[in-house]
Amino acid sequence: MTSNNPAENPVDLKYLNTILVEKMKVKRQPVAITYCADGAPDGYEPVNVVACQIVKLAEAGQRIYVDAHHHDCRVGQYHLGLHPDADAFITEGEYLTLAQGFFTEQGARCNKQQSYSLPEGTITALAAAPLDQVPDGVPVDLVVCICSAQQAMQIAGAASVREGTFPHGELGPSACSSIFAAPWHTNNSVFALGDGGGRMYNKVAVGELFVSIPRHHLHYIVELVENFRIDPQKMREVIMPSYAPDSQA
């Protein structure tokens, strides 16, 4: 874990927020997510909502958290490692077949088998705040943005152009699994469409998706923007024979 102390964290969160909002033009407020091992940080309020919805609430300016006692989704608790007593109804996806006619038992079971969950006991709470309003000393483990596909390509792909690590993509799992647990397991940036519920509770528009960036990739977003330069003519010349200088002779 690192803090917002510049001596310990090389990325200035307010500067990163400025880059995302003013330079990359994301329309929705970026959100800072904290994996809380010993309870929520001071100044964060509990909310009884589905786990993924903390992104939407933090976008609106709230500092909030869910834990084993404050939540409104057993599935979210399971994927956060906060539901040690989860039975087959959750873990085997039986719940998916009860109110959704398109899920078969096999499809539901495979969905959960292929979905990431934080190991039990990894956290005691999951906290969220606007990226530019994180209190000093509160560690930030992920930055989550809901943005367009074009913006997701650049934000989630920042590490790929700086160190060569392709981001991890998800379609199928619950949003809470994709945006909170997948980055932990893959140690990587994640882009995800989310599930129907996750998109509904976060009011994700057609054409938008989630990106979730782990702390150790945040500086790549800064580097991408600070070094951003494209010369279309030069690009055509170096890869397209019809644009090569000697082809014009």
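Let me begin by describing the structure that accompanies this report. The model shown is predicted, which means the values in this text are computed figures rather than measured ones. (Residues numbered from 1 in each chain as written. Predicted model: local features only at pLDDT ≥ 70, side-chain atom pairs only at ≥ 80, totals over all residues. Heavy atoms only, no water.)

### Some points on the overall build of the protein chain
Okay, so step 1: Helix and strand counts for the protein chain come out as 12 helices and eight strands.
Okay, so step 2: In terms of C-alpha radius of gyration, the protein chain reaches 20 Å, essentially the compact-globule figure of 18 Å for 249 residues.
Okay, so step 3: Dimensions of the protein chain, computed from the C-alpha atoms along their principal axes, are close to 75 × 45 × 25 Å.
Okay, so step 4: Residues classed as buried in the protein chain amount to 47% of the 249 residues present.
Okay, so step 5: Of the contacts made within the protein chain by residues no fewer than 6 positions apart, 68% connect residues no fewer than 24 positions apart.
Okay, so step 6: Accessible area for the protein chain stands at about 12,600 Å²; split by element, carbon and sulfur atoms hold 51% of it.
Okay, so step 7: Measuring between centres, the 17 positive side-chain charges of the protein chain sit 10 Å from its 27 negative side-chain charges. (Helix = DSSP H or I, 4+ residues; strand = E, 2+ residues; numbered from the N terminus. Rg over C-alpha atoms; globule rule 2.2 N^0.38 Å. Buried < 20%, exposed > 50% of the residue type's maximum accessible area, 1.4 Å probe, protein only. Contact = heavy atoms within 4.5 Å. Areas by Shrake-Rupley, 256 points an atom, 1.4 Å probe, with all protein chains shown as cover. Lys, Arg positive; Asp, Glu negative; His and termini not counted. Charge placed at Lys NZ, Arg CZ, Asp CG, Glu CD.)

### Re the pairing of strand β3 (residues 64-67)
One face of the sheet, then the other: side chains in a regular strand alternate in exactly this way.
Okay, so step 1: The two faces of β3 match: Ile64 and Val66 on one face and Tyr65 and Asp67 on the other face are all buried.
Okay, so step 2: Sheet topology places strand β2 (residues 45-46) next to β3; two bridges connect them, and they run parallel. Bridged to Glu45 within β3 is Ile64.
Okay, so step 3: In this view, the connection linking β2 to its parallel neighbour β3 by way of helix α2 (residues 54-59) has right-handed handedness.
Okay, so step 4: Across four bridges, the pairing between β3 and strand β4 (residues 125-130) is antiparallel. (Pairing = 2+ DSSP bridges. Right-handed = clockwise from strand over helix to strand, strands pointing away.)

### Notes on the nonpolar core
Okay, so step 1: By size, the foremost hydrophobic cluster in this structure holds 34 residues, and its most contacted members are Leu16, Leu20, Val134, Val143, Ile155 and Ile221.
Okay, so step 2: Among the elements of the structure, α1 (13-23), β1 (31-36), β4, β5 (142-148), α7 (149-156), α8 (158-162), β8 (208-214) and α11 (218-226) are those that each provide at least two residues to this core.
Okay, so step 3: The dominant element in this core, judged by the number of residues it contributes, is α11, at five residues.
Okay, so step 4: Counting residues in each nonpolar core, the second largest holds 30 residues, with Val31, Leu57, Ala58 and Leu142 among its members. (Core = buried A, V, L, I, M, F, W, Y, C linked by side-chain atoms within 4.5 Å.)

### Looking at a negative patch on the surface
Okay, so step 1: A cluster of acidic side chains, namely Asp85, Asp87, Glu92, Glu94, Glu105 and Glu120, defines a negative patch on the protein surface.
Okay, so step 2: If you trace the backbone, Asp85 turns up in the loop between α3 (74-79) and α4 (88-91).
Okay, so step 3: Asp85 sits in the exposed class, given a relative accessible area of 64%. (Patch = residues over 30% accessible without salt bridge, like charges linked within 9 Å, V, L, I, M, F, W, Y side chains within 5 Å. Salt bridge = Lys/Arg side-chain N within 4 Å of Asp/Glu carboxyl O.)

### Topic: the side chain of Asn17
Okay, so step 1: When you line up the elements, Asn17 lands in helix α1.
Okay, so step 2: Here Gln29 takes part through its side chain, which lies 2.7 Å from a polar atom of the side chain of Asn17. (Polar contact = N/O pair within 3.5 Å; in protein donor to acceptor, adjacent residues only side chain to side chain.)

### Section: the packing of aromatic side chains
Okay, so step 1: Under the defined criterion, the tally for this structure stands at two aromatic pairs.
Okay, so step 2: Ring centres of Phe89 and Tyr95 lie 6.4 Å apart, and the angle between their planes is 55°; this geometry places the pair in the tilted category.
Okay, so step 3: Both rings, one in Phe102 and one in Phe103, keep their centres 5.5 Å apart while their planes meet at 40°; by these two values the pair is tilted.
Okay, so step 4: In this structure Phe102 comes out as exposed when scored by relative accessible area, which is 66%.
Okay, so step 5: In this structure, Arg236 packs its charged tip against the face of Tyr243, placed 5.7 Å from the ring centre. (Phe/Tyr/Trp six-rings, centres within 6.5 Å; stacked < 30°, edge-to-face > 60°. Lys NZ or Arg CZ within 6 Å of the ring centre and 35° of its normal.)

### With respect to a nonpolar patch on the surface
Okay, so step 1: A surface patch of nonpolar side chains, amounting to about 470 Å² of accessible area, comprises Met235, Val238, Ile239, Met240 and Tyr243.
Okay, so step 2: By secondary structure assignment, the location of Ile239 is in helix α12 (residues 232-239).
Okay, so step 3: Residue classification places Ile239 among the exposed residues on the basis of a relative accessible area of 57%.

### Here we look at unusual backbone geometry
Okay, so step 1: Phi angles above zero are rare outside glycine, and Lys25 is one such case at about 65°.
Okay, so step 2: Following the sequence through the fold, Lys25 ends up in the loop between α1 and β1.
Okay, so step 3: Judged by its relative accessible area of 55%, Lys25 falls in the exposed class.
Okay, so step 4: Phi angles above zero are rare outside glycine, and Lys203 is one such case at about 50°.
Okay, so step 5: Residue placement: Lys203 occurs in the loop between α10 (196-201) and β8.
Okay, so step 6: Residue Lys203 is classed as exposed on the basis of its relative accessible area of 61%.

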